[in-house]
Amino acid sequence: MSNVQNTLSIIKPDAVERNLVDEIKIIFRKNNLEIKESKKIHITKEEAAEFYKVHQSKPFYNDLCSYLSSGPIVVMILSGENAVLKNRKVMGATDPKKAEENTIRKLYGISIDKNSVHGSDSIQNAKIEIDFFFKN
Ligand code: UDP
Ligand code: MG
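The structure presented is a predicted model; accordingly, all values stated were derived computationally and were not measured. (Residues numbered from 1 in each chain as written. Chains lettered and ligands numbered in written order. Predicted model: local features only at pLDDT ≥ 70, side-chain atom pairs only at ≥ 80, totals over all residues. Heavy atoms only, no water.)

(A) Examining the pairing of strand β3 (residues 73-81) more closely. Counting buried residues in β3 gives 8 out of 9 residues, a clear majority hidden from the surface. Sheet analysis places strand β1 (residues 4-11) next to β3, joined by 8 bridges and oriented antiparallel. Looking at β3, one finds that I11 is bridged to V74. Where strand β2 (residues 34-41) lies against β3, 7 bridges are found, and the strand directions are antiparallel. Counterpart to K40 in the pairing with β3 is V74. (Buried < 20%, exposed > 50% of the residue type's maximum accessible area, 1.4 Å probe, protein only. Helix = DSSP H or I, 4+ residues; strand = E, 2+ residues; numbered from the N terminus. Pairing = 2+ DSSP bridges.)

This is the structure we're talking about:
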């Protein structure tokens, strides 16, 4: 039975700045993640704080919000079979040093904070995160 899902992906400032957007998009398409929507935006620190509010009690929260709002990002809706988990596998582990070979974070991530991409971690969060950037 087919299980087509949508998920939210973000190409973070470190990767946009290094002109990696096209290379990263090629990796999604190669893995059968269709890019249904894509836009380049620059969010405020307040918007980043809202987006990442699940992490508000973490020691890295303030730096994370500053970072995500530090430059342009590309937000995308990816669609495909088991897209939520598929995207997480294609991204690789949060810490690029621990990410598997050929994952986006292994290929391009600089550090645990500048790790080039975000991806929703569940179907429920994918819906919330897609609405956050693409409602209206
Ligand atoms: N992060 C960080 N330091 C940490 C853990 C996470 O700066 O020790 C940042 C990193 O950019 C990560 C984001 O916070 O992508 C969200 O953390 P999460 O644990 O949700 O990782 P992800 O879902 O992005 O793999
Ligand atoms: Mg996460």
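That shown, we press on.
(B) Spatial organisation of the sheet that holds strand β4 (residues 117-119). Across the sheet, 4 strands lie side by side as β2-β3-β1-β4; this open sheet has antiparallel pairing. Every interior strand has two partners, whereas the edge strands, β2 and β4, have only one. The average angle at which neighbouring strand axes cross in this sheet is 20°, direction not considered. Taken strand by strand, helix α2 (residues 21-30) contacts β1, β2, β3 and β4, and its axis lies near 10° from that of β3. (Axes fitted to C-alpha atoms, helices over the stretch in contact; angles between N-to-C directions. Contact = heavy atoms within 4.5 Å.)

(C) Region of the structure containing the site of ligand 1. Neighbouring ligand 1 are the residues K12, H55, F60, L64, R88, T94, R105, I112, D113 and N115. Between an oxygen atom of ligand 1 and a side-chain N or O atom of R88, the distance comes to 2.8 Å. For the shell around ligand 1, the per-class residue count stands at 3 nonpolar, 3 polar and 4 charged. (Near = heavy atom within 4 Å. Polar contact = N/O pair within 3.5 Å; in protein donor to acceptor, adjacent residues only side chain to side chain. Nonpolar A, V, L, I, M, F, W, Y, C, P; charged D, E, K, R; others polar.)

(D) A look at the pairing of β1. For β1, the tally of buried residues reaches 6 of 8 residues, placing the bulk of the element in the interior. As paired elements, β1 and β4 share 3 bridges and run antiparallel to each other. Across the sheet, S9 pairs through a bridge with G119, a residue of β4.

(E) Examining the pattern of salt bridges more closely. Applying the stated criterion across every chain yields a total of 4 salt bridges. Close ionic contact of K135 with D131 constitutes a salt bridge, the shortest N to O distance being 4.0 Å. When its relative accessible area of 38% is taken as the criterion, D131 is described as partly exposed. (Salt bridge = Lys/Arg side-chain N within 4 Å of Asp/Glu carboxyl O.)

(F) Structural detail: the packing of aromatic side chains. Scanning the entire structure with this criterion turns up 4 aromatic pairs. Judged by centre distance (5.3 Å) and plane angle (50°), the rings of F51 and F133 are tilted. You can see F51 sitting in helix α3 (residues 45-51) and its partner F133 sitting in helix α7 (residues 123-134), a full 82 residues away along the chain. In this structure, F51 and F133 share a single accessibility class: buried. In this structure an aromatic cluster arises from ring pairing among F51, Y52, F132 and F133. Over the face of the ring belonging to F134 we find K39, whose NZ or CZ atom lies 4.7 Å from the ring centre. (Phe/Tyr/Trp six-rings, centres within 6.5 Å; stacked < 30°, edge-to-face > 60°. Lys NZ or Arg CZ within 6 Å of the ring centre and 35° of its normal.)

These values are about where atoms sit, not about what they do.
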